[in-house]
Amino acid sequence: MAGRHFLQIPGPTPVPDRLLRVMHRAMEDHRSSAFPALTRSILSRLPQVVQQTKGEPFVFPATGTAMWEAALVNTVNPGGRLLAVRFGQFSHLFIQTARALGYQVDVIEEPWGDVADPARIEAALAADTAHEIQGVLLVHNETATGVTSDVAAVRAAIDRAKHPALLLVDGVSSIASLEFQFDAWGVDCAITGTQKGFMLPAGLGILYLSEKALARVDSCTMPRAYFDLRAMRANNAQGYFPSTPALSLLFGLDEALTMLLEEGMDAVAARHRLLANGVRAAVNAWGLRQCAKRPEIASNSLTAVMVPEGHDARRVIEIAFTRYDMSLGSGLNELAGKVFRIGHLGDTNRLTLAGALAGVEMALCDAGIPVTLGSGVGAALQQWRVSA
């Protein structure tokens with residue numbers, strides 16, 4: 001089919017031509033005396049993306065999912081107790097990962113489409129008078145449901161409980177897209193990957209640690225091998241990596257950091273907020289509703305749209321793909337068939353997103369869901385034009 005495929009899933013996101021070009025190059029000697037310049041360029045600038053001034057970032061040939069494991073095995077002792085909030089597929093998988101590693105996880109259940117409740121976290125930690133809980137697991141932006149939790153409020157709840165637990169935050173679909181203040185929010189571990197806000201292919205996992213979390217790395221007794229941050233820290237200090245790095249992706253990450261910091265992280269967050277407002281206006285114009293239970297918790301990096309009762313979101317997704325060359329995100333787990341997801345993070349702008357919304361409208365109509373063609377696109381354009 002002529003034209004470029006519309007990749008509107010919440011990740012991987014479209015890769016800018018600028019990044020494709022910089023990654024298309026010959027391999028280099030990752031043990032040469034010239035290589036540390038690349039490592040230091042990346043590690044010195046990664047903290048700026050999340051407003052981090054203390055602690056260290058780490059980069060692995062892996063994914064955000066792998067960074068769940070890396071964060072846990074470097075900071076939580078074997079059999080350790082954790083507290084987590086489950087309110088979507090990715091918070092569910094974070095919990096599953098911890099349990100598979102042998103950790104005990106106390107789970108606070110929230111409805112899918114809602115967010116973490118700081119008051120319930122505070123109560124759970126206050127009840128842990130022996131301070132057995134070593135960490136709190138929180139997904140910042142739940143990609144399955146399109147909601148964003150208040151990380152600062154969760155940290156405030158931990159502090160009110162006077163609890164020493166680490167705050168481990170999954171920022172896979174928020175970091176490099178939404179506002180993220182590592183220091184100000186009191187985050188101890190922030191987890192992400194390259195395939196979303198960084199606008200790169202999947203393949204690099206990024207982990208940010210606070211000084212408090214770093215202090216646990218040396219004392220942690222959990223068995224570690226590939227994800228051992230002690231080896232990573234020692235090699236990074238010299239400008240190298242303990243194992244063979246993903247060179248093409250590192251070249252891309254270095255350039256992605258240049259692009260993000262040229263734009264400015266406040267401007268990046270504002271751009272994603274603007275795009276999200278347009279998509280939400282389109283959903284309202286179609287007469288549909290979001291999975292997010294309240295407007296104030298709706299994500300700025302993706303929108304999860306509920307289809308009317310009696311319709312199957314999977315049909316909308318298949319029509320969009322086969323007839324209009326567009327990929328939409330599917331509903332996951334208990335939302336399968338009920339939701340389709342529109343990604344508006346990474347390398348996208350108002351005009352490309354307007355085209356995607358036009359494709360969604362045609363797919364909805366073809367699936368028998370009555371919408372007025374042009375209604376959503378028009379509402380989005382008006383929102384973007386007024387907000388420009």
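Residues numbered from 1 in each chain as written. Predicted model: local features only at pLDDT ≥ 70, side-chain atom pairs only at ≥ 80, totals over all residues. Heavy atoms only, no water.

Moving on to the nonpolar core. Soluble, globular proteins show a tendency: their nonpolar side chains are buried together. Judged by nonpolar contacts, the single largest core of 95 residues is most densely connected at Val59, Phe198, Leu207 and Tyr208. Take this core: its biggest share by element is nine residues, from helix H9 (residues 247–263). With sequence-adjacent residues up to four places away left out, leucine 207 is seen in contact with Glu56, Pro57, Phe58, Met67, Ala70, Ala71, Cys189, Ala190, Ile191 and Leu229. (Core = buried A, V, L, I, M, F, W, Y, C linked by side-chain atoms within 4.5 Å. Buried < 20%, exposed > 50% of the residue type's maximum accessible area, 1.4 Å probe, protein only. Helix = DSSP H or I, 4+ residues; strand = E, 2+ residues; numbered from the N terminus. Contact = heavy atoms within 4.5 Å.)

Let us look at the pairing of strand E9 (residues 189–193). Most of E9 sits inside the fold, with five of its five residues counted as buried. Here E9 shows two buried faces, one formed by Cys189, Ile191 and Gly193 and the other by Ala190 and Thr192. Direction of pairing for strand E8 (residues 166–170) relative to E9: parallel, over a ladder of three bridges. Its bridge partner lying in E9, leucine 168 is registered against cysteine 189. Note: E9 against strand E10 (residues 204–209), five bridges, orientation antiparallel. The residue of E10 that forms the bridge with glycine 193 is glycine 205. (Pairing = 2+ DSSP bridges.)

The strands making up a sheet associate through hydrogen bonds between their backbones, and the pairing can be parallel or antiparallel. One open sheet holds the five strands; their spatial order is E1-E13-E14-E12-E11, and the pairing between them is mixed. Because the sheet does not close on itself, it has two edges, and the strands there are strand E1 (6–8) and strand E11 (289–290). Pairing between E1 and strand E13 (residues 326–330): three bridges, direction parallel. In the sheet register, glutamine 8 faces E13, and the bridge partner there is leucine 328. Contacts from helix H10 (residues 265–286) reach E11, strand E12 (302–306) and strand E14 (339–343), with the element oriented near 10 degrees to E12. Of the strands in this sheet, E1, E13 and E14 are in contact with helix H12 (residues 350–366), which crosses E14 at around 160 degrees. (Axes fitted to C-alpha atoms, helices over the stretch in contact; angles between N-to-C directions.)

Shape descriptors only; they carry no functional weight alone.
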